[in-house]
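# Overview (structure and organization)
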Amino acid sequence: MAGVKQARDGAVGILTLDEPASLNAMTPDLLGALAAAVAEMTGDEGIRALILTGAGRGFCSGQNLKASEALGEDIAAGVMRFYWPAFKALRECRVPVVVAVNGVAAGGGFSLAMAGDMIVAARSASFIQVFSRIALVPDLGSTWLLPRLVGRQRALELMLLNEPLTAERAQEIGLVRQVVDDAKLMDEALALARRLADGPTQALVATRALVEESQHAGYEAQFRREIEVQATIRKSADAIEGRTAFVEKRKAKFTGK
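### A closer look at the pattern of salt bridges
- Overall, the coordinates contain 13 salt bridges when judged by the stated rule.
- Put simply, Glu-213 and Arg-225 hold a salt bridge, and the shortest N to O gap is 3.0 Å. With Glu-213 in helix H9 (residues 201-214) and Arg-225 in helix H10 (residues 219-233), this residue pair connects regions lying twelve residues apart in the sequence.
- Between Arg-250 and Glu-248 there is a salt bridge, with the nearest N and O atoms lying 2.7 Å from each other.

### Let's talk about the pairing of strand S1 (residues 4-9)
- As judged from the six bridges shared by S1 and strand S2 (residues 12-17), these two strands associate in the antiparallel manner. Across the sheet, the residue bridging to Gln-6 is Leu-15, located in S2.
- In sequence, S1 turns back onto S2 through a hairpin of two residues, with Gly-10 there showing a positive phi of about 60°.

### Quick notes on the sheet that holds strand S8 (residues 165-166)
- Taken in spatial order, the three strands make up an open sheet running S5-S7-S8, and their pairing is mixed. The open sheet terminates on both sides in strands that have one partner only, identified here as strand S5 (104-106) and S8.
- Alignment of S5 against strand S7 (residues 126-128), held across three bridges, turns out to be parallel. By the bridge assignment, Val-104 is partnered in S7 with Ser-126.

### Observations concerning the packing of aromatic side chains
- Scanning the entire structure with this criterion turns up two aromatic pairs.
- Centre to centre, the rings of Tyr-219 and Phe-223 are 6.1 Å apart; their planes meet at 85°, and the pair counts as edge-to-face. Residue Tyr-219 and its partner Phe-223 are both found in helix H10; the two are separated by four residues, about one turn of the helix.
- Note that Arg-148 overlies the ring of Trp-144, its terminal NZ or CZ placed 3.9 Å from the centroid.

### As for the layout of surface pockets
- Roughly 560 Å³ of volume is contained in the largest pocket.
- Around the largest pocket, the lining comprises 24 residues; the ones closest to its centre are Arg-91, Gly-116, Asp-117, Met-118 and Arg-208.
- Contributing elements (two or more residues each) for the lining of the largest pocket: helix H4 (108-114), strand S6 (118-122), helix H5 (142-150) and H9.
- The residue makeup of the lining of the largest pocket, split by class, is 14 nonpolar, four polar and six charged.

### Description of the nonpolar core
- Formed by 53 residues in total, the largest nonpolar core has its most connected members in Leu-34, Phe-127 and Leu-175.
- The biggest single contributor to this core is helix H1 (residues 28-42), with eight residues.
- Not counting residues within four places of it along the chain, the set of residues in contact with Phe-127 comprises Val-101, Ala-105, Phe-110, Ile-119, Ala-121, Glu-163, Pro-164, Leu-165, Ala-170, Leu-175 and Val-176.
- The next biggest cluster of nonpolar side chains, apart from the first, holds 16 residues, and it includes Ile-14, Val-120, Ala-122 and Ala-193.

### Side note on the sheet that holds strand S9 (residues 178-180)
- Pairing is mixed in the open sheet, where six strands are placed in the order S1-S2-S3-S4-S6-S9. Both edges of this open sheet fall to S1 and S9, since each of them pairs with a single strand only. If you compare each strand with its neighbour and ignore which way they point, the axes differ by 20° on average.

### Things to note about the side chain of Ser-111
- With respect to the helices and strands, Ser-111 occurs in helix H4.
- The class of Ser-111 is buried, set by a relative accessible area of 0%.
- A distance of 3.0 Å separates a polar side-chain atom of Ser-111 from the backbone oxygen of Asp-139.
- Residues in contact with Ser-111, not counting those within four places in the same chain, are Phe-87, Asp-139, Leu-140, Ser-142 and Leu-145.

### Let's talk about unusual backbone geometry
- Here the phi dihedral of Ala-135 falls at roughly 60°; this positive angle occurs in a residue that is not glycine.
- Mapped onto the fold, Ala-135 is located in the loop between S7 and H5.
- For Ala-135, a relative accessible area of 69% puts it in the exposed group.
- Of note, Asn-162 is a non-glycine position whose phi angle comes to about 55°, a positive value.
- Within the fold, Asn-162 resides in the loop between helix H6 (152-161) and S8.
- Asn-162 sits in the buried class, given a relative accessible area of 6%.

Thresholds, definitions, all that
Residues numbered from 1 in each chain as written. Predicted model: local features only at pLDDT ≥ 70, side-chain atom pairs only at ≥ 80, totals over all residues. Heavy atoms only, no water. Salt bridge = Lys/Arg side-chain N within 4 Å of Asp/Glu carboxyl O. Helix = DSSP H or I, 4+ residues; strand = E, 2+ residues; numbered from the N terminus. Pairing = 2+ DSSP bridges. Phe/Tyr/Trp six-rings, centres within 6.5 Å; stacked < 30°, edge-to-face > 60°. Lys NZ or Arg CZ within 6 Å of the ring centre and 35° of its normal. 1 Å grid on protein atoms, 1.4 Å probe; cavity = no way out; pocket = protein on both sides within 12 Å on 5 of 7 lines; lining within 4 Å. Points joined across faces, edges and corners; volume = space filled by probe spheres on them. Nonpolar A, V, L, I, M, F, W, Y, C, P; charged D, E, K, R; others polar. Core = buried A, V, L, I, M, F, W, Y, C linked by side-chain atoms within 4.5 Å. Buried < 20%, exposed > 50% of the residue type's maximum accessible area, 1.4 Å probe, protein only. Contact = heavy atoms within 4.5 Å. Axes fitted to C-alpha atoms, helices over the stretch in contact; angles between N-to-C directions. Polar contact = N/O pair within 3.5 Å; in protein donor to acceptor, adjacent residues only side chain to side chain.

What follows is the structure in structure tokens.
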């Protein structure tokens, strides 16, 4: 598929943004290809985790300004038509998503990195909001995602001052789970993705959904909502296996069902 390479390592699907000449800058074609690739890969029930990364020297340098005309005169409608499906596909993916950030994640690329579940960063990786530098506001979900990951004050600092965030600093403030040497980025991302792929997929994804819902719910409502989801999840094959393995004092073998 043009713009996005697909590969597989056992139960882990690997999606690579493949426009290295532009540092994988966003275009309608690239984001459309990403949405389609997520759907295609997760349509295979054998896939139980995804990795998203970028080819070449950077993860994603943000919006390709040369392609902005393709969005049409109504920018909001164009972005929701061409870009939102890819972000939605990652955020609501039926399997956990690990983002392996190599090099720069700038502007919308920063937003894209946050759309996954966990970020593993190469030591050379950097994150920068960019928007206010060109008199724009953050977009593609940044004002929703970033404060939830690092808190209001740090989010505003990053957005208003546009200071590049090193991989190590990103880890310190909770944006990144792990920082690794560049040569080991995919090995470590695969190790994490395999760990997630071996887990109880339905329970993991339901946990992510509950965390999302909790941002907008009161304590009592979320308390009840957890039990409602639990009542459904506990009937799954993996939940039954988990309880059986616990009683039998052995490691559970989950199938994702």
